[in-house]
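Commentary on secondary and tertiary structure
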Amino acid sequence: MRIGYLVVLLAGAVFYSYVAFADLNFMTRTGRLGPGFFPRMIGGMAIVALIWAILDEMRSATPQDEEETRWSDVLVLMVLAVGYAVLLRLFGGFVATVIFLLVALALLNRGRHITNVAVSFLVPTGVYLLFDQLLNAGMPPGLFEIL
């Protein structure tokens with residue numbers, strides 16, 4: 001089941017990369033990096049990482065009986081994704097991402113509270129610094145701007 005999931009992700013990454021290479025310009029008319037630069041990097045890295053993960057999974061695959069599927073986790077993540085979309089509109093990108101990661105990691109990565117809190121704050125901080133400060137792209141604003 002995991003290999004199937006990785007193959008579906010790989011197909012999405014290939015489509016994402018195709019759109020980035022076909023529709024978005026790499027450079028602007030003034031010679032600066034254009035809107036296609038970052039999506040091309042992300043798409044290329046995603047394809048490489050997913051191929052690596054598929055090969056690694058195929059190498060380490062052992063014949064097992066039915067793998068225990070965790071459909072309850074899928075349902076929880078779907079509900080969290082909808083909640084994240086609502087929080088994104090209300091509080092903006094940074095706060096919504098911190099709340100989403102705190103709740104998701106608390107449910108899916110039980111017992112590692114320090115790691116969960118660190119990841120929940122460091123990942124949005126890194127994304128903020130990358131997009132808002134370095135790329136000057138800005139985080140999504142919310143109705144109630146806290147930060």
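Everything numeric in this text was worked out from a predicted model, so none of it was measured.

Quick look at the confidence of the model for the protein now. In this model, the protein carries a mean pLDDT of 82, and residues with pLDDT of at least 70 account for 90%. Confidence, expressed as mean pLDDT per element, reaches its minimum in the protein at helix α1 (residues 2-23) with 84 and its maximum at helix α4 (residues 93-108) with 90.

Right, let's talk about the environment of V76 for a bit. Within the element layout of this structure, V76 appears in helix α3 (residues 71-91). You can call V76 partly exposed: its relative accessible area is 32%. In sequence terms V76 and A104 are 28 residues apart; their C-alpha atoms lie 8.5 Å from each other.

This next bit is on the side chain of N116. Of note, N116 is situated in helix α5 (residues 113-134). At a separation of 3.2 Å, a polar atom in the side chain of N116 contacts the main-chain carbonyl oxygen of L105. Looking at N116, its side chain comes within polar contact range of the side chain of N109, at 2.8 Å.

Let us now look at the pattern of salt bridges. Applying the stated rule across the entire model yields one salt bridge. Across the salt bridge formed by R59 and D56, the nearest N and O atoms sit 4.0 Å from each other. With R59 and D56 both in helix α2 (residues 37-60) and three residues apart, this pair spans about one turn of that helix. With relative accessibility at 39%, the residue D56 sits in the partly exposed group.

Rules and cut-offs
Residues numbered from 1 in each chain as written. Predicted model: local features only at pLDDT ≥ 70, side-chain atom pairs only at ≥ 80, totals over all residues. Heavy atoms only, no water. pLDDT = per-residue confidence, 0-100. Helix = DSSP H or I, 4+ residues; strand = E, 2+ residues; numbered from the N terminus. Buried < 20%, exposed > 50% of the residue type's maximum accessible area, 1.4 Å probe, protein only. Polar contact = N/O pair within 3.5 Å; in protein donor to acceptor, adjacent residues only side chain to side chain. Salt bridge = Lys/Arg side-chain N within 4 Å of Asp/Glu carboxyl O.

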